[in-house]
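Chain residues, written in single-letter form:
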Amino acid sequence: MKLVFDVGQVLVRWDPMPVLEEILGGPAALAAFHEVVDFPALHGEQDRGRSVAAAVAWARVSAPEYADALKAFYGRWLDTIPFAIEESVALLESRVAAGEPVYGITNFPGELWRPTVEAYPFLGKFADVVVSGDEGVVKPDPSIFGLFLERNGLEPGDCLFFDDSERNVEAARAAGIDAVLFTGPEVLQPALLERGLA
C-alpha cells in the first residue's frame, strides 16, 4: 500500500494569520480586513491556479486599501510556514529511504510550491505530487483523486491517504482510497499498525 500525504497541516504547519496581522498592523486591523476580504475564498483561488499578480490586480479593483498588504503577504509566503511536522516527515523519509514511493496531493498555489520545496527539501522526495494550483482543481473535487491515480498507474485500494480536512478524507474515501483524518502525528502509527504497514 502506497502512502499519500496532504502537505499543509500534515507535513508542514501553515499559519497565515500572524503574518497578515503583522503586515496590517495588529488584531483590529486584521479584523477590519476580514470584514472586507473573504480570505479563505481569496486564497482558494490561489490554490486553483490564480497567480499572485492576478490576486493583487483583483484587490486593486475590489479592495484597493488591501492590495499592497496582499502583495506583501504573498511575498512573505515562507513566513506562513513556520515549521515542519517532524513525525510526519520522519515517516515520509523512512519510507523513501526504504525504496518505497511516497506521494502527495495538496491544495497549494503552483507558483509558491517551488520556493516551498526549496525551503523544505523533503517535499521534493515525493515520487509524484499533485499540486492543485498546477492542475486547476482542488480537493475535495473527485477529479483530483482521479488525476492522481491515473497519472501514477495506481488503483484506489493501493493507497493510504492522510489529510487534515474531513471533507477531503470523505472525498478520498468516496473515490475508493483508504483515508485517515490527520488530527496530529499520534494518528500515524495506529493507522499503519491497523493496516499491517508498520
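Residues numbered from 1 in each chain as written. Predicted model: local features only at pLDDT ≥ 70, side-chain atom pairs only at ≥ 80, totals over all residues. Heavy atoms only, no water.

### Thoughts on the environment of Pro 115
Locating Pro 115 in the fold gives a position in helix H7 (residues 110-119). Judged by relative accessible area, which is 30%, Pro 115 ranks as partly exposed. Sequence separation between Pro 115 and Leu 78 is 37 residues; the distance between their C-alpha atoms is 8.0 Å. (Helix = DSSP H or I, 4+ residues; strand = E, 2+ residues; numbered from the N terminus. Buried < 20%, exposed > 50% of the residue type's maximum accessible area, 1.4 Å probe, protein only.)

### Some remarks on the packing of aromatic side chains
Aromatic ring pairs are defined here through the distance separating the ring centres and the angle between the ring planes. All told, the structure shown has 12 aromatic pairs when counted by the stated rule. Relative to Tyr 66, the ring of Phe 33 lies with its centre 5.0 Å away and its plane at 90 degrees, an arrangement referred to as edge-to-face. Taken together, the positions of Phe 33 in helix H2 (residues 27-36) and Tyr 66 in the loop between helix H4 (52-62) and helix H5 (67-75) put the pair 33 residues apart, joining distant regions of the chain. Each of the two residues, Phe 33 as well as Tyr 66, counts as buried. Within the aromatic cluster, the residues linked to one another by ring pairs are Trp 14, Phe 39, Phe 73, Tyr 74, Trp 77, Phe 108 and Trp 113. (Phe/Tyr/Trp six-rings, centres within 6.5 Å; stacked < 30°, edge-to-face > 60°.)

### So, the pattern of salt bridges
Inspection of every chain in the model, using the stated rule, returns 14 salt bridges. With a shortest N-O distance of 4.0 Å, Asp 15 and Arg 13 are connected by a salt bridge. Taking the relative accessible area as the measure of exposure, Arg 13 reaches 32% and is therefore partly exposed. Here Glu 135 ties to Arg 151 by a salt bridge, and the two come within 2.9 Å at their closest N and O atoms. Of the two residues, Glu 135 is situated in helix H8 (residues 132-135) and Arg 151 in helix H9 (residues 142-152); the sequence distance between them amounts to 16 residues. (Salt bridge = Lys/Arg side-chain N within 4 Å of Asp/Glu carboxyl O.)

### Let's talk about the sheet that holds strand E1 (residues 2-5)
Taken in spatial order, the 5 strands make up an open sheet running E3-E2-E1-E4-E5, and their pairing is parallel. The sheet is open, and its two edges are formed by strand E3 (128-131) and strand E5 (178-181), each paired on a single side. Pairs of neighbouring strands in the sheet enclose a mean axial angle of 20 degrees, with direction left out of account. Contacts from helix H10 (residues 166-174) reach strand E4 (159-163) and E5, with the element oriented near 165 degrees to E5. (Pairing = 2+ DSSP bridges. Axes fitted to C-alpha atoms, helices over the stretch in contact; angles between N-to-C directions. Contact = heavy atoms within 4.5 Å.)

### A word on the packing of H4 against H5
Viewed as axis vectors pointing N to C, H4 and H5 meet at an angle of 160 degrees, and their least axial separation amounts to 8 Å. Relative to H5, the element H4 is oriented roughly antiparallel. Where H4 crosses over H5, the two elements pack in a sense that is right-handed. Between H4 and H5, the contacting residues are Val 52, Val 56, Ala 59 and Arg 60 on the first element and Ala 67, Asp 68, Leu 70, Lys 71 and Tyr 74 on the second. Classifying every residue of the contact of H4 with H5 gives 6 nonpolar, no polar and 3 charged. (Parallel < 35°, antiparallel > 145°, perpendicular 65-115°, else oblique. Left-handed = near helix turned anticlockwise from the far one by under 90°. Nonpolar A, V, L, I, M, F, W, Y, C, P; charged D, E, K, R; others polar.)

### Side note on helix H3 (residues 39-47)
Where H3 is concerned, the buried positions are Phe 39, Leu 42, His 43, Gly 44, Gln 46 and Asp 47. Where the residues of H3 are buried, they touch helix H1 (17-24), H2, H4, H5 and H8. Two residues or fewer past H3, Gly 49 is found with a positive phi of approximately 115 degrees.

### Topic: the packing of H1 against H2
With their axes 8 Å apart at the nearest point, H1 and H2 run at an angle of 105 degrees to one another. Classified by the angle between their axes, H1 and H2 sit roughly perpendicular to one another. Along its contact with H1, which presents Met 17, Leu 20, Glu 21 and Leu 24, the element H2 presents Pro 27, Ala 29, Leu 30, Phe 33 and His 34. Considering only residue class, the contact of H1 with H2 consists of 7 nonpolar, 1 polar and 1 charged.

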